[in-house]
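# Descriptive analysis of the structure
If you want the building blocks of each chain, they are given just below.
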Amino acid sequence: MSFRTLEFRDGALTLLDQRKLPSAVEYITVTSARETAQAIKDMVVRGAPAIGCTAAYGLALAALHGEDLAEAADLLRRARPTAVNLAWALERVGRARGAEAMLAEARAIEEEDLASCKSIGRFGAALVPDGAGILTHCNAGGLATAGYGTALGVIRAALESGKKCTVFADETRPWLQGARLTAWELLQDGIPVTLLPDVAAASLLASGRIGCVVVGADRIARNGDTANKIGTYPLALAAHAASVPFFVAAPTSTIDLGTLTGKDIPIEQRGAEEVTHLGKSRVAAEGVQVFNPAFDVTPARYLAAIITERGIARAPYAPGLAALCHH
Ligand code: MRU
């Protein structure tokens, strides 16, 4: 891959500024937990595993600079509520004793995440039908992880294994992760991709051109209900109606056995301007109220499989996910 989503070097964390893509490739550097939390909140860096890695370094930075660790962890945890990777990474780093050990743990989380993505890719590639279209939503790629990606890892691995697949990406209203990030990331790697408005996904699925859908996840409940970018649930319904398999690709760090069902997953609500404006231009009438949840929950019954770095879970998900987590 031709870019680094995050890199810890010389006592600071450098983040590829995803708000600027694809028109500019710019980096910002953070040196404290507060700056790291703000970067996560502002979506300089986004995607569940990537914000987990980032928060891990944020807490290590707090330790290196003698900040109050409980306060730093709280600030980082509250930056975005839905992706469980954030709390998971903070807990791991928080268990280490001393700043250097915490930094080493953050580095381990980053390295493991990259390895997990490669493994998810290998397991997932076997499920991808040869010669068909693959549809994805949001960005679950190298930009959303330490590298390679989860859903895009499956696509990359399927192509690397010689399968002939055509990639389709939803634009992903309102933040446009598909249009701005997935299209850019795949084209950087020379992978052709066709972009569609989210509202065109159901008719694309009904057309018979799609062999499977593969998406990432922000939190998977014990029963397999999956929170992911808003628009994932309608996509799963449309795939179900068209009898197209719908796969979720995510590391086990995204599975939250402590959350029993999707109803218990906290859903982040984001600002009205994401909906009322396109870029800096207002498109909605002044004074309108806005409903802008950043994520939705897809009930487990619509999933064909959950692909993790340790293997594949299928319904009934509770025993399969528990076994993968305690592996
Ligand atoms: O709001 P975002 O861009 O952080 O949402 C990202 C997603 O929903 C991804 O699909 C998910 O985090 C998985 S990333 C491998």
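Residues numbered from 1 in each chain as written. Predicted model: local features only at pLDDT ≥ 70, side-chain atom pairs only at ≥ 80, totals over all residues. Heavy atoms only, no water.

A word on the sheet that holds strand β1 (residues 6–9). Taken in spatial order, the three strands of this open sheet run β1-β2-β3, and their pairing is antiparallel. Pairing within the sheet leaves two strands with one partner each, and these edge strands are β1 and β3 (27–30). Strand-to-strand twist in this sheet, taken as the mean axis angle between neighbours without regard to direction, amounts to 25°. Judged from the four bridges that link them, β1 and strand β2 (residues 12–16) form a sheet pairing that is antiparallel. (Pairing = 2+ DSSP bridges. Helix = DSSP H or I, 4+ residues; strand = E, 2+ residues; numbered from the N terminus. Axes fitted to C-alpha atoms, helices over the stretch in contact; angles between N-to-C directions.)

With that settled, consider the site of the ligand. Near the ligand there are 18 residues, and of these Arg-46, Ala-48, Arg-80, Asn-228 and Lys-229 occur at the shortest range. At 2.8 Å from an oxygen atom of the ligand is found a side-chain nitrogen or oxygen belonging to Arg-80. With respect to the ligand, the side chain of Gln-177 contributes an N or O atom lying 2.8 Å from an oxygen atom. Within the complex, the protein chains bury 100% of what would otherwise be the 410 Å² of accessible surface of the ligand. Looking at the shell around the ligand, the elements with two or more residues in it are α2 (48–64) and β9 (226–229). In terms of residue class, the shell around the ligand is made up of eight nonpolar, six polar and four charged. Inspection of the shell around the ligand shows a minimum of three residues originating in each of domain 1 (6–117) and domain 2 (123–325). (Near = heavy atom within 4 Å. Polar contact = N/O pair within 3.5 Å; in protein donor to acceptor, adjacent residues only side chain to side chain. Areas by Shrake-Rupley, 256 points an atom, 1.4 Å probe, with all protein chains shown as cover. Nonpolar A, V, L, I, M, F, W, Y, C, P; charged D, E, K, R; others polar. Domains from an automatic or database assignment.)

Here we come to the packing of aromatic side chains. All chains considered together, the criterion is met by two aromatic pairs. Taking the centre distance of 5.2 Å and the plane angle of 45° together, the rings of Phe-3 and Trp-184 count as tilted. Of this pair, Phe-3 sits in the segment before β1 while Trp-184 sits in helix α7 (residues 177–188), placing them 181 residues apart in sequence. For the residue pair Phe-3 and Trp-184, the accessibility class agrees, reading buried in each case. (Phe/Tyr/Trp six-rings, centres within 6.5 Å; stacked < 30°, edge-to-face > 60°. Buried < 20%, exposed > 50% of the residue type's maximum accessible area, 1.4 Å probe, protein only.)

Time to look at the environment of Phe-295. Structurally, the position occupied by Phe-295 is in strand β14 (residues 295–298). For the pair Phe-295 and Asn-228, spaced 67 residues apart in the sequence, the C-alpha separation amounts to 5.3 Å. Among residues more than four places away in sequence, those in contact with Phe-295 are Arg-80, Thr-82, Asp-218, Asn-228, Lys-229, Ile-230, Ile-267 and Glu-268. (Contact = heavy atoms within 4.5 Å.)

We now examine the domain arrangement of the chain. The domains assigned to the chain are domain 1 (6–117) and domain 2 (123–325). Between the C-alpha centres of domain 1 and domain 2 the distance comes to 23 Å. Contact with domain 1, which involves 27 residues of that partner, is made by 32 residues of domain 2. Carbon and sulfur atoms supply 60% of the area that domain 1 and domain 2 bury against each other, a total of about 2500 Å² over both sides. Its largest share of buried area at the contact with domain 2, domain 1 owes to Arg-46, Thr-82 and Cys-117, together 26% of the area lost on that side. Linking domain 1 with domain 2 are one salt bridge. Across the salt bridge formed by Arg-80 and Glu-268, the nearest N and O atoms sit 2.9 Å from each other. There are 15 residue pairs in polar contact (both at pLDDT 80 or more) connecting domain 1 and domain 2. Those elements that place two or more of their residues in the side of domain 1 that touches domain 2 are α2, α4 (84–95) and α5 (99–125). (Buried area = accessible area lost by both parts, 1.4 Å probe. Salt bridge = Lys/Arg side-chain N within 4 Å of Asp/Glu carboxyl O.)

Counting buried positions along strand β5 (residues 166–170) gives four out of five residues, so the element sits mostly inside the fold. With four bridges joining them, strand β4 (residues 133–136) and β5 adopt parallel strand pairing. Looking at the pairing, Gly-133 lines up with Thr-166 of β5. Running through helix α6 (residues 151–160), the crossover from β4 to the neighbouring parallel element β5 is right-handed. Sheet topology places β5 next to strand β6 (residues 193–196); four bridges connect them, and they run parallel. For Ala-169, the partnering residue across the bridge sits in β6 and is Leu-195. (Right-handed = clockwise from strand over helix to strand, strands pointing away.)

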